[in-house]
Amino acid sequence: MRRSVHTVDQENVSATLTVAEPAAKVFAVLADPTTHAAIDGTGWVRESVNQAPLTEVGQIFRMDMHHAGHPDGDYRVVNKVQALDPPRAIGWLTGYEKDDGQLEFGGWIWRYDLAALGPSETEVTLTYDWSAVPGFRREYIQFPPFGPEHLINSLRHLAALVSER
């Protein structure tokens, strides 16, 4: 790891970190939902419900979560892959499954953009974008629901996890 920066815009927050590993190796860790709890910088992700690697746009995967401020404390999110361009980009839209089995997405997206800086170095940018969140959701959820330091924490966790593999 070398440098890190973060920026906050009106409708998104991002952080960038240089990881001393090849882009393909970093991407492989991000495409494995079982690693997401270890990567998460907020501490909210508990474990992946789905074990299959993320391989296509539109793929659905679920995560068990915990947040003291959530009405249920423990809850499950549904994610839908929105970007998948190995080894350059991966991202997903987050939502939930309604009682009738229908999926509803909140309008926020998690996205990782990877830029190879050489054979063994990758610049990774993590962006949390809430620009598509409808007004009625913004009435009861503050965006972003965490400070920008959580994104750089996620990138540091990612770098450590990739270096262990």
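So, here is what we can say about the structure in this document.

### Observations concerning the overall build of the chain
- Assigned secondary structure in the chain consists of four helices and eight strands.
- Counting from the amino terminus, helix and strand elements in the chain follow one another as β-β-α-α-β-β-β-β-β-β-α-α.
- For 165 residues, the compact-globule formula gives about 15 Å, and the C-alpha radius of gyration of the chain, at 15 Å, lands near that figure.
- By residue count, 45% of the 165 residues in the chain fall in the buried class.
- Long-range pairs, those at least 24 residues apart, make up 49% of the contacts in the chain with a sequence separation of at least 6.

### Quick word on the packing of helix α1 (residues 23-30) against helix α4 (residues 149-164)
- Packing of α1 against α4 leaves a shortest axis separation of 10 Å and a crossing angle of 110°. Taken together, the axes of α1 and α4 lie roughly perpendicular to each other. Contact residues: Lys25, Val26, Val29 and Leu30 in α1; Leu158, Leu161 and Val162 in α4.
- Looking at side-chain class alone, the contact of α1 with α4 contains six nonpolar, no polar and one charged residues.

### Overview of the pattern of salt bridges
- Applying the stated criterion across every chain yields a total of nine salt bridges.
- The salt bridge partner of Arg76 is Asp64, with a shortest N-O separation of 2.7 Å. With Arg76 in strand β5 (residues 74-85) and Asp64 in strand β4 (residues 60-66), this pair connects stretches of sequence that are twelve residues apart.
- Counted as one network, the salt bridges with shared partners bring together Lys98, Glu104 and Arg137.

### Section: the nonpolar core
- Within the largest apolar cluster, 40 residues are counted, with the highest numbers of intra-cluster contacts made by Ile90, Tyr112, Tyr128, Leu155 and Leu158.
- Elements with a contribution of two residues or more to this core: β2 (12-19), α1, β4, β5, β6 (89-97), β7 (103-118), β8 (121-129) and α4.
- Ranked by residue count, the leading element in this core is α4, at seven residues.
- Those residues in contact with Leu155, other than ones at most four positions away along the chain, are Ala15, Thr16, Leu17, Tyr112, Val124 and Leu126.

Rules of the game
- Residues numbered from 1 in each chain as written.
- Predicted model: local features only at pLDDT ≥ 70, side-chain atom pairs only at ≥ 80, totals over all residues.
- Heavy atoms only, no water.
- Helix = DSSP H or I, 4+ residues; strand = E, 2+ residues; numbered from the N terminus.
- Rg over C-alpha atoms; globule rule 2.2 N^0.38 Å.
- Buried < 20%, exposed > 50% of the residue type's maximum accessible area, 1.4 Å probe, protein only.
- Contact = heavy atoms within 4.5 Å.
- Axes fitted to C-alpha atoms, helices over the stretch in contact; angles between N-to-C directions.
- Parallel < 35°, antiparallel > 145°, perpendicular 65-115°, else oblique.
- Nonpolar A, V, L, I, M, F, W, Y, C, P; charged D, E, K, R; others polar.
- Salt bridge = Lys/Arg side-chain N within 4 Å of Asp/Glu carboxyl O.
- Core = buried A, V, L, I, M, F, W, Y, C linked by side-chain atoms within 4.5 Å.

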